[in-house]
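Observations on chain architecture
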Amino acid sequence: MKPSIKKVAVLGSGVMGSRIACHFANIGIQVLLLDIPAPASKAEDQKSVKNKLVNDALATAIKSNPSPVFTKDVSKLIATGNFDDDLSLINQCDWILEVIVERLDIKKQLYDRVEKFRRPGTIITSNTSGIPIHLMAEGRSEDFKKHFCGAHFFNPPRYLRLLEIIPTSFTDKWVIDFLMEYGDLFLGKTTVLCKDTPGFIANRIGIYGIMSLLQTMEKMGLSIDEVDALTGPIIGRPKSATFRTADVVGIDTMVHVANGLYENCPNDEAREVFKIPAWLKDINDRKWLGDKTGQGFFKKTKNAAGEKEILTLDLKTMEYAPRKKPKFAILDAAKPVDDLYARLKMLCSSPDKVGDFYRTFHYKLFSYISHRVPEISDTVYSIDDAMMTGFGWEIGAFETWDLLGVERTVTEMKKAGFSVAAWVDDMIAKGQQTFYQIKDGKRNAYSPLKGSMESVYAAGQENAFIVMKHFEGQTIWKNSACRTYHLGDDVIGLEWYTKMGSIGGEVLEGIQRSVSIAEDKYKGLVIANSGINFSAGANVGMIFMLAIEQEYDELDMAIRMFQNTTMRARYSSVPVVVAPHGLSLGGSCELSLHADKICAAAETYIGLVELGVGLIPGGGGSKEFALRAADEMHADEPETITLKNRFITIATAKVATSAKESYQLGIMRKGQDEVIMNIDRRISEAKKSVIELNDSGYVMPQQRTDVKVLGRTALGALMAGVHAMEQGGYATAHDALVAKKLAYIMCGGDLSEPAFVSEQYLLDLEREVFLSLCGEKKTLERIQSVLKGGKPVRN
């Protein structure tokens, strides 16, 4: 049985409920969002007043930052109501999601009411983060129990990709299978099957990690600032690290969950770790709960000069003081190391206090996760997946253990007094040295239950998840910045691994070589990577150095090479598909614009941002927007309308806040480019697209010579608009200069009348303007500001 989800009901409009509703609307599903009615007198308009709570909650969610919606218009798919007047409408829904207060008695009262209206066979789930699922199922009808389980989203549900599915012994298998697949394919989640144990997987491990860390901190005499410096991005954890995360989540929430785990895990060998230390109880009792109360481990204030300042709590004095930047030599040495794996090895082997901290930190974690199998999960990869997608870790705990060497680490752990579960010793005794193995591009993991390796993929999904680096054994070509792999089925893939995915000469060489290799003997090329971001754009450091040294011939060559590369991707004899994700800015956006197809992850933030540093898109982006504007001109509206819209997008350096919004900006093309909800599937989908384009008889397109440009007809209007922005104080003199030069390109130059020109003509204009701006002092000041790690100065 495989139901079609056309409409869902979300019961509860709090922070989670309203945002879950928004995420279903993001994928085009109709949503019924209900909550308790607000008090209303008979004299008042009953409906509007009774729906005030749910309507206000939804409005607050939509205005929040980061936004829970891909585009503002998706909110039209959400209908609101209240439990008294509208609960009967749930009989029209295919999935009912309960997201109300974390009290079993209140949930059961709501379920009593739901049973009166729920259509038999309808899936119903709870978003509880800790109440045992089987207790909620008690006393329910057989049909309810068969279709009921936990479906635990993480906040914010649009951005945190974990969805824990927690069945009971009554749950039909098809319901579990359906939710695991639906969450993956349609909601873009990493769906993890959990056992009905306290905290499920992510919160059990995550809260243990935090509470264990507090003990280590006390023992080693570390401060809050020191711990956050040690437990953030330097080891592949979020920027909010430990204590900033606690402030965001709420210290009371952390204490509540830790207390719950202490009470409900009597057989946990590390149960005492969940005991709240006296100083943390003191903070909680004082109501210093974090962001929600204005102070917690940190406090935002203003100094004598009226400037914003963040103070840190001194746990010894319980007073706030200015933040102190920790001084650890090994951290300074590790920061320039871009490769996380190399950095972790370096930090964990450091023969100093920092090294001691990291060894203790990891030994505790490794010991705990080993003992949680099979209690909370039968598989090691489920634990890693949960922590990476629920807590934002870049590398899983078992994967880290592999990196540091399983057998060697176990030996050191035992010497230090830390135990491991018997199955780990058994694995080592069998000669299995790692928890994970890559074979033929596929990932396998050790199964403690089977005592052997098994696929981490669901049946039939082995080819749905492609990670480029897993094909290292099929490397066809490489240089120091990128590699080209054979991905199977006569499709090749190119990835680069520069800092922030920046595009320099070696990456451009990689793109051109890969296109040539594909043309020689393959069906086509996929361009993607597995970094945090696809690419922050061209290597502006190289541009800055050449401009400072006035090497204009070299600059001209570099720009020509970039233009030639994007045009090579466009005009090749095989299909080229780009699969961006995360930041996809500047030059990488230009590359995407020239692909036969874009298969973008839903969370792709793409745009032409060059004007922010005083430049124009010089890799074909300005040309391409002028070309698309020409193609979009309609006889029934002024010709300048589409050109003006395209011009404003570049001139304001707009970045799409989702792949779906990029359609509105004219970057992705409706009916041609595709949004992939699950980021882990985008490379596989791009590969499929290459095969489909090839098999349907792909023919190399021809360069355009019929691009209509409007010359002075539009140039005057665009110039006038720029002048008005400058006079109104919305643009600096330099902003205006750059925008006018952009207008010059997009209008085809100072032509006396509209004309048809070639793509090469526009590329030449683009290059000429780019070079002229590289000689501007204020442009160089902006680039220098960015290179120093700041935002472009407004000069």
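The present account deals with the structure reproduced in this document. (Residues numbered from 1 in each chain as written. Predicted model: local features only at pLDDT ≥ 70, side-chain atom pairs only at ≥ 80, totals over all residues. Heavy atoms only, no water.)

One broad trend across soluble globular proteins is that nonpolar side chains are buried collectively. Ranked by internal contacts, the top residues of the largest apolar core, which has 114 residues, are L11, F297, Y358, F398 and W401. The element that contributes the greatest number of residues to this core is helix α9 (residues 202–220), accounting for 10 residues. Sequence-distant contacts of F398, that is, excluding residues within four places in its chain, are made with I369, S370, V373, V380, I383, D384, W423, F435 and Y436. Core analysis: the next-biggest nonpolar cluster, separate from the first, contains 51 residues, I606, A714, A739 and I783 among them. (Core = buried A, V, L, I, M, F, W, Y, C linked by side-chain atoms within 4.5 Å. Buried < 20%, exposed > 50% of the residue type's maximum accessible area, 1.4 Å probe, protein only. Helix = DSSP H or I, 4+ residues; strand = E, 2+ residues; numbered from the N terminus. Contact = heavy atoms within 4.5 Å.)

Right, let's talk about the packing of aromatic side chains for a bit. Per the stated rule, a full pass over the model turns up 25 aromatic pairs. Ring centres of W423 and F435 lie 5.9 Å apart, and the angle between their planes is 70 degrees; on these two criteria the pair is classed as edge-to-face. One end of the pair, W423, is in helix α20 (residues 422–429); the other, F435, is in the loop between α20 and β12 (436–439), with 12 residues separating them in the sequence. The pair formed by W423 and F435 is uniform in burial state, with each residue classed as buried. Ring geometry for W423 and Y446: centres 6.3 Å apart, planes at 15 degrees, overall stacked. Highlighted residues: W423 in helix α20 and Y446 in strand β13 (residues 442–447), separated in sequence by 23 residues. The two residues W423 and Y446 agree in class, both being buried. Clustering of aromatic rings is evident, with ring pairs tying together F366, F398, W401, W423, F435 and Y446. When the ring centre of F144 is taken as origin, the NZ or CZ atom of R140, which lies over that ring, is 5.5 Å away. Positioned over the ring face of W393 is R237, at 3.5 Å from the centre of the ring. (Phe/Tyr/Trp six-rings, centres within 6.5 Å; stacked < 30°, edge-to-face > 60°. Lys NZ or Arg CZ within 6 Å of the ring centre and 35° of its normal.)

Considering only enclosed or pocket space, the second largest pocket measures out at about 810 Å³ in volume. Along its surface, the second largest pocket is lined by 37 residues, and A536, G537, A538, N539 and V540 are the ones closest to its centre. Breaking the lining of the second largest pocket down by element, the ones donating at least two residues are α21 (505–521), α22 (540–548), α23 (552–570), β20 (582–585), α24 (587–593) and α32 (777–787). Here the lining of the second largest pocket is composed, by residue class, of 21 nonpolar, 13 polar and 3 charged. (1 Å grid on protein atoms, 1.4 Å probe; cavity = no way out; pocket = protein on both sides within 12 Å on 5 of 7 lines; lining within 4 Å. Points joined across faces, edges and corners; volume = space filled by probe spheres on them. Nonpolar A, V, L, I, M, F, W, Y, C, P; charged D, E, K, R; others polar.)

A separate point is the pattern of salt bridges. Using the criterion set out here, one finds 52 salt bridges in the structure. The partner of R372 in a salt bridge is D268, with the nearest N and O atoms 3.8 Å apart. Placement of the pair is R372 in the loop between α16 (353–371) and α17 (380–390) and D268 in the loop between α12 (251–264) and α13 (278–285), with a sequence separation of 104 residues. The residue E375 makes a salt bridge to R372 at a minimum N-O spacing of 2.8 Å. Using a relative accessible area of 32% as the deciding quantity, one classes E375 as partly exposed. Classification of R372 as buried rests on a relative accessible area of 2%. Overlapping salt bridges bring together R204, D268, E269, R372 and E375 as one network. (Salt bridge = Lys/Arg side-chain N within 4 Å of Asp/Glu carboxyl O.)

One can describe the packing of helix α29 (residues 712–727) onto helix α30 (residues 733–746) by two numbers: an axis separation of 10 Å at closest approach and a directional angle of 170 degrees. In terms of orientation, α29 and α30 fall into the roughly antiparallel class. Counted together, L715, L718, M719, V722 and E726 of α29 and A733, A736, A739, K740, A743 and Y744 of α30 form the full contact between these two elements. Classifying every residue of the contact of α29 with α30 gives 9 nonpolar, no polar and 2 charged. (Axes fitted to C-alpha atoms, helices over the stretch in contact; angles between N-to-C directions. Parallel < 35°, antiparallel > 145°, perpendicular 65-115°, else oblique.)

Moving on, we come to the packing of α30 against helix α31 (residues 759–774). Packing of α30 against α31 brings their axes to within 9 Å, and their N-to-C directions diverge by 165 degrees. Regarding the angle of α30 to α31, the classification is roughly antiparallel. Considering the relative orientation of α30 and α31, their crossing is right-handed. Two secondary-structure elements touch here, α30 through V738, K741, Y744 and I745 and α31 through L762, L765, E766, E768, V769, S772 and L773. Tallied by class, the residues present in the contact of α30 with α31 amount to 7 nonpolar, 1 polar and 3 charged. (Left-handed = near helix turned anticlockwise from the far one by under 90°.)

In this section: the pairing of strand β5 (residues 123–126). Of the two faces of β5, the one lined by I123 and T125 and the one lined by I124 and S126 are each fully buried. As judged from the 4 bridges shared by strand β4 (residues 95–98) and β5, these two strands associate in the parallel manner. If you follow W95 over to β5, its bridge partner there is I123. A crossover links β4 with its parallel partner β5, the connecting element being helix α5 (residues 104–117), and its sense is right-handed. The sheet contact formed by β5 and strand β6 (residues 148–153) spans 3 bridges and is parallel. By the bridge assignment for β6, S126 is matched with G150. (Pairing = 2+ DSSP bridges. Right-handed = clockwise from strand over helix to strand, strands pointing away.)

Here we come to the sheet that holds strand β21 (residues 597–601). Reading across from one edge, β15-β16-β17-β18-β19-β21-β23 is the order of the 7 strands in this open sheet, with mixed pairing throughout. Sheet topology places β15 (475–478) and β23 (674–676) at the edges, where each strand pairs with a single neighbour. Strand-to-strand twist of the sheet, defined as the mean angle between neighbouring strand axes without regard to direction, takes the value 20 degrees. Sheet analysis places strand β18 (residues 524–527) next to strand β19 (residues 576–578), joined by 3 bridges and oriented parallel. Bridge pairing in β19 places I527 opposite V578.

This paragraph deals with empty space enclosed by the protein. Under the definition given, this model contains 2 cavities of 30 Å³ or more. Quantified by volume, the largest cavity comes out at close to 70 Å³. Taken together, I235, G236, R237, L344, H362, L365, W393, I395, G396, A397 and T400 make up the full set of residues lining the largest cavity. Taken together, the elements giving at least two residues each to the lining of the largest cavity come down to α16 and α18 (397–404). Residues of the lining of the largest cavity, tallied by class, amount to 6 nonpolar, 4 polar and 1 charged. Taken as a whole, the second largest cavity spans an internal volume of roughly 40 Å³.

This next bit is on the pairing of β4. Alternating positions in β4 separate into two faces, W95 and L97 on one and I96 and E98 on the other, with burial throughout. Both strand β1 (residues 7–11) and β4 contribute to a ladder of 4 bridges, which runs parallel. Along β4, the bridge assignment pairs A9 with I96.

Let's shift gears to the side chain of T566. Looking at the secondary structure, you find T566 in helix α23. What makes T566 buried here is its relative accessible area of 1%. Residue contacts for T566: discarding those within four places in its chain leaves E590, L591, H594 and G619.

Burial within α17 is extensive, with 9 of its 11 residues counted as buried. Of the positions making up α17, those classed as buried are V380, Y381, S382, I383, D384, A386, M387, T389 and G390. Following α17 by one or two positions, G392 has its phi on the positive side, about 75 degrees.

Treat this as a map of the structure, not an account of what it does.
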